[in-house]
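Tertiary structure, described
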Amino acid sequence: MPVIAVVNGPNLDRLGTREPGIYGTETLADVELRCRDAGSAVGLDTRFFQSNGEGALVDHLHDLVGAVDGLVINAAAYTHTSVAIRDALQVLDVPFVEVHISNVHARESFRHTSYLSDIAAGVIVGCGTQGYEFAIQRLARLVHGDAAKDE
Ligand code: DQA
């Protein structure tokens, strides 16, 4: 079975209590369960990782080289700042879908810039934690090689 990783960046370990009006009340553990279920429903084995550190995220992306067929990433604040994470995604060289729980385009202007979007296979914003499920469904199409059906 193809393997994907779901990688989350800083402060997403605080989901559930962090600004619930913006990010909802589900915890990261709830999101992980949901991702595993969504993955197995579409024939993907799902690995899950979160870190608050930019270097730890880069190291983890390196560890995934050769081990995964696709990736879902919510790099959180690093989305808007990190050339290092962008470069690590290019090292990893598998299709990835960028997810943001909130609609970053309806928020502060510094959240409108992403260092990842132009190299992403897809971008999902503002769909709450359900966005992770959408991303996994899209990745399944890409990884199983039948994305052309949608294009
Ligand atoms: C976020 C949006 C980012 O701007 C923010 O820094 C986050 C979460 C989202 O999921 O909506 O931490 O990526």
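Residues numbered from 1 in each chain as written. Predicted model: local features only at pLDDT ≥ 70, side-chain atom pairs only at ≥ 80, totals over all residues. Heavy atoms only, no water.

Relative to the helices and strands, G39 is located in helix α2 (residues 28-41). When the C-alpha positions of G39 and I136 are compared, they lie 6.3 Å apart, and in sequence the two are 97 residues distant. Leaving out residues up to four positions away in the same chain, G39 has contacts with L44, T46 and I136. (Helix = DSSP H or I, 4+ residues; strand = E, 2+ residues; numbered from the N terminus. Contact = heavy atoms within 4.5 Å.)

Further remarks concern the nonpolar core. If you look at the biggest cluster of nonpolar residues, it comprises 22 residues, and the most contacted ones within it are V6, L15, C35, V72, Y132 and I136. Contributions of two or more residues to this core are made by β1 (3-8), α2, β4 (96-100) and α5 (130-143). For this core, the leading source of residues is α5, giving five residues. Among all residues touching L15, those that are not within four sequence positions of it are Y23, E26, T27, L28, V31 and I101. Counting 20 residues, the second-largest nonpolar core is a separate cluster that includes L71, L92, V94 and F96. (Core = buried A, V, L, I, M, F, W, Y, C linked by side-chain atoms within 4.5 Å. Buried < 20%, exposed > 50% of the residue type's maximum accessible area, 1.4 Å probe, protein only.)

By definition, the strands of a sheet pair up through backbone hydrogen bonds, in either a parallel or an antiparallel sense. Pairing within the open sheet is parallel, and its five strands lie in the order β2-β1-β3-β4-β5. At either end of the open sheet lies a strand with only one pairing partner, and these are β2 (45-50) and β5 (122-125). On average, each strand axis in the sheet is tilted by 15° relative to the strand beside it, whichever way the strands run. With five bridges joining them, β1 and strand β3 (residues 70-74) adopt parallel strand pairing. In the sheet register, N8 faces β3, and the bridge partner there is N74. Along the sheet face, α5 touches β1, β3, β4 and β5 and points at about 155° away from the line of β3. (Pairing = 2+ DSSP bridges. Axes fitted to C-alpha atoms, helices over the stretch in contact; angles between N-to-C directions.)

All right, on to the site of the ligand then. In the vicinity of the ligand, the contacting residues are R18, Y23, N74, A76, A77, H80, H100, I101, S102, V104 and R111. Between N74 and the ligand, the recorded distance is 2.8 Å, taken from a side-chain N or O atom to an oxygen atom. The separation between an oxygen atom of the ligand and a polar main-chain atom of I101 is 2.8 Å. Computed on the free molecule, the ligand has an accessible area of 320 Å², of which 98% lies beneath the protein chains in the complex. (Near = heavy atom within 4 Å. Polar contact = N/O pair within 3.5 Å; in protein donor to acceptor, adjacent residues only side chain to side chain. Areas by Shrake-Rupley, 256 points an atom, 1.4 Å probe, with all protein chains shown as cover.)

Tallying each qualifying case throughout the model produces six salt bridges. Salt bridges sharing common partners tie together E26, R34 and E133. (Salt bridge = Lys/Arg side-chain N within 4 Å of Asp/Glu carboxyl O.)

Moving on, we get to the pairing of β4. A regular strand carries its side chains on alternate faces of the sheet. For β4, a buried count of five out of five residues is recorded, marking the element as mostly surrounded by other parts of the structure. Judged by which residues are buried, β4 turns out to be covered on both faces: F96, E98 and H100 on one side and V97 and V99 on the other are all buried. Inspection of the sheet shows β3 paired to β4 by three bridges, in the parallel sense. By the bridge assignment for β4, L71 is matched with F96. Taking the sense of rotation as the criterion, the β-α-β connection linking β3, helix α4 (residues 83-92) and β4 turns out right-handed. Bridge analysis of β4 against β5 gives four bridges, and the strand direction is parallel. (Right-handed = clockwise from strand over helix to strand, strands pointing away.)

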